Amino acid sequence: MLVSSRATVVSAANFKRISSCSCSSSSLFFKKKKRVGWSRRMEDKKDLLATSATASSVAAQPLQDADALIDSVETFIFDCDGVIWKGDKLIDGVPETLELLRSKGKRLVFVTNNSTKSRKQYGKKFETLGLNVNEEDGGKKIELKPGFYMEHDKDVGAVVVGFDRYFNYYKVQYGTLCVRENPGCLFLATNRDAVTHLTDAQEWAGGGSMVGALVGSTQREPLVVGKPSTFMMDYLANKFGISKSQICMVGDRLDTDILFGQNGGCKTLLVLSGVTSLSMLQNPNNSIQPDFYTSKISDFLSLKAANV
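Thoughts on the overall build of the protein chain
Check the secondary structure of the protein chain and you find ten helices and 17 strands. When burial is assessed residue by residue, the protein chain has 52% of its 308 residues classed as buried. Summed over its atoms, the accessible surface of the protein chain is roughly 14,000 Å², and 51% of this surface lies on carbon and sulfur atoms.

Remarks on the pairing of strand β8 (residues 107-112)
Summarising burial for β8: six of the six residues are buried, a large majority. Of the two faces of β8, both are covered, the one formed by Arg-107, Val-109 and Val-111 as well as the one formed by Leu-108, Phe-110 and Thr-112.

Some remarks on the pattern of salt bridges
Pairing is possible between side chains that carry opposite charge, provided their charged atoms lie close to one another. Summed over all chains, the structure comprises nine salt bridges. In this structure, Arg-102 engages Glu-99 in a salt bridge whose closest nitrogen and oxygen atoms are separated by 3.0 Å. One end of the pair is Arg-102 and the other is Glu-99, both in helix α3 (residues 94-103) and three residues apart, which spans about a single turn. By relative accessible area, Arg-102 is classed as buried at 15%. Asp-193 is the partner of Arg-253 in a salt bridge, and the nearest nitrogen-oxygen pair spans 3.7 Å. Taken together, the positions of Arg-253 in the loop between β15 (247-251) and α8 (254-263) and Asp-193 in the loop between β11 (186-189) and β12 (195-196) put the pair 60 residues apart, joining distant regions of the chain. By relative accessible area, which is 10% here, Arg-253 ends up buried. In this structure, a network of salt bridges that share partners links the residues Asp-79, Lys-227 and Asp-257.

So, the packing of aromatic side chains
Evaluated as defined, the whole model comprises seven aromatic pairs. With a centroid separation of 6.1 Å and an interplanar angle of 15°, the aromatic rings of Phe-76 and Phe-78 are classed as stacked. Phe-76 sits in the buried class, given a relative accessible area of 0%. Given a relative accessible area of 0%, Phe-78 falls into the buried group.

Structural notes on the layout of surface pockets
Looking at the second largest pocket, its volume works out to about 340 Å³. Lining the second largest pocket we find 28 residues, and of these Asp-81, Thr-112, Asn-114, Thr-196 and His-197 sit closest to its centre. Of the residues assigned to the lining of the second largest pocket, the class counts are six nonpolar, eleven polar and eleven charged.

Details of unusual backbone geometry
A cis amide bond links Lys-227 to the next residue, Pro-228, at an omega of 10°. In this structure, Pro-228 sits in the loop between β14 (223-224) and α7 (231-240). We note that Gln-219 has phi near 60°; this positive angle belongs to a residue other than glycine. For Gln-219, the location among the structural elements is in the loop between α6 (207-218) and β14. Judged by relative accessible area, which is 67%, Gln-219 ranks as exposed.

Section: the confidence of the model for the protein chain
Averaged over all residues, the pLDDT of the protein chain is 81; the fraction at 70 or higher stands at 77%. Contacts of residues 1-6 to residues separated by more than four positions or lying in other chains number 36 contacts, the stretch itself having pLDDT below 50. Note on residues 35-56: pLDDT under 50 across the span, and 30 contacts to partners over four residues away in sequence or across chains.

A look at the side chain of Asn-191
Residue placement: Asn-191 occurs in the loop between β11 and β12. Look at Asn-191 and you get buried, because its relative accessible area is 3%. Polar contacts involving the side chain of Asn-191 include one to the main-chain carbonyl oxygen of Asn-113, which spans 3.0 Å. Within the structure, the side chain of Asn-191 is placed 3.1 Å from the side chain of Thr-190, a separation counted as a polar contact. With near-sequence residues (within four places) excluded, Asn-191 lies in contact with Asn-113, Gly-207, Gly-208, Val-211 and Val-224.

Conventions we followed
- Residues numbered from 1 in each chain as written.
- Predicted model: local features only at pLDDT ≥ 70, side-chain atom pairs only at ≥ 80, totals over all residues.
- Heavy atoms only, no water.
- Helix = DSSP H or I, 4+ residues; strand = E, 2+ residues; numbered from the N terminus.
- Buried < 20%, exposed > 50% of the residue type's maximum accessible area, 1.4 Å probe, protein only.
- Areas by Shrake-Rupley, 256 points an atom, 1.4 Å probe, with all protein chains shown as cover.
- Salt bridge = Lys/Arg side-chain N within 4 Å of Asp/Glu carboxyl O.
- Phe/Tyr/Trp six-rings, centres within 6.5 Å; stacked < 30°, edge-to-face > 60°.
- 1 Å grid on protein atoms, 1.4 Å probe; cavity = no way out; pocket = protein on both sides within 12 Å on 5 of 7 lines; lining within 4 Å.
- Points joined across faces, edges and corners; volume = space filled by probe spheres on them.
- Nonpolar A, V, L, I, M, F, W, Y, C, P; charged D, E, K, R; others polar.
- pLDDT = per-residue confidence, 0-100.
- Contact = heavy atoms within 4.5 Å.
- Polar contact = N/O pair within 3.5 Å; in protein donor to acceptor, adjacent residues only side chain to side chain.

Below you can see the structure in the form of structure tokens.
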């Protein structure tokens, strides 16, 4: 987790550290079995998410009074890709917007479902892009030969799959063996995003493609612990003593970011600088409606000026 002047970064894969894995991977984690009652708690969470409200029936309103929204909450939670940056390029107006919010004493939290980087590495990316956030706290292959038998750790009790640029057949097979052959082994996913933005030139296959590989090989559905699950929201609210009604979730995806905020009981602001376009938001088939929408987070600056 990264923190600076009340700013935090949390990744779905490492907001709570998961123990060692038998293969070198940024996205496949294998957790040992010593987890008293943990499976039951996960099932309770799953039941809670299944019954939680998923979307507002009221159409989203364009953000017109930035000051009113800013003054109504203590904390802003920002998705990163598509909100703060696209690929390795900072979105225009982000540094000034974050400074405005800091000047008003707001806590800033940055969350991501992308597990390719550690918190320290994300801190380095923020630093490279000129943003002030400080830290608070792939390689194996299979060579198939006649009669080859792949060993795996029988004590692994959970397999966690997240986005991985070095995803390979070794990792798929190892995770498959753990899920299918280890009694009670949990299958968890950080997210099921169809696409992501590795560069600002085009969309790239997202974490959902990696998760889908193990869904196909294990014939099991994972429990998703990243957005829109409330796991990270609960963690942040408990760690910092934040009332969820005093949080605004800002993101570019309806089915992860906005649903994450709605499931957590927060205000929600959709920015159109990433995955979701205005036509997608207003499509009659879209049932997920944020409280507000705007082009990009720097609209906080222009809308503030327009209301002075």
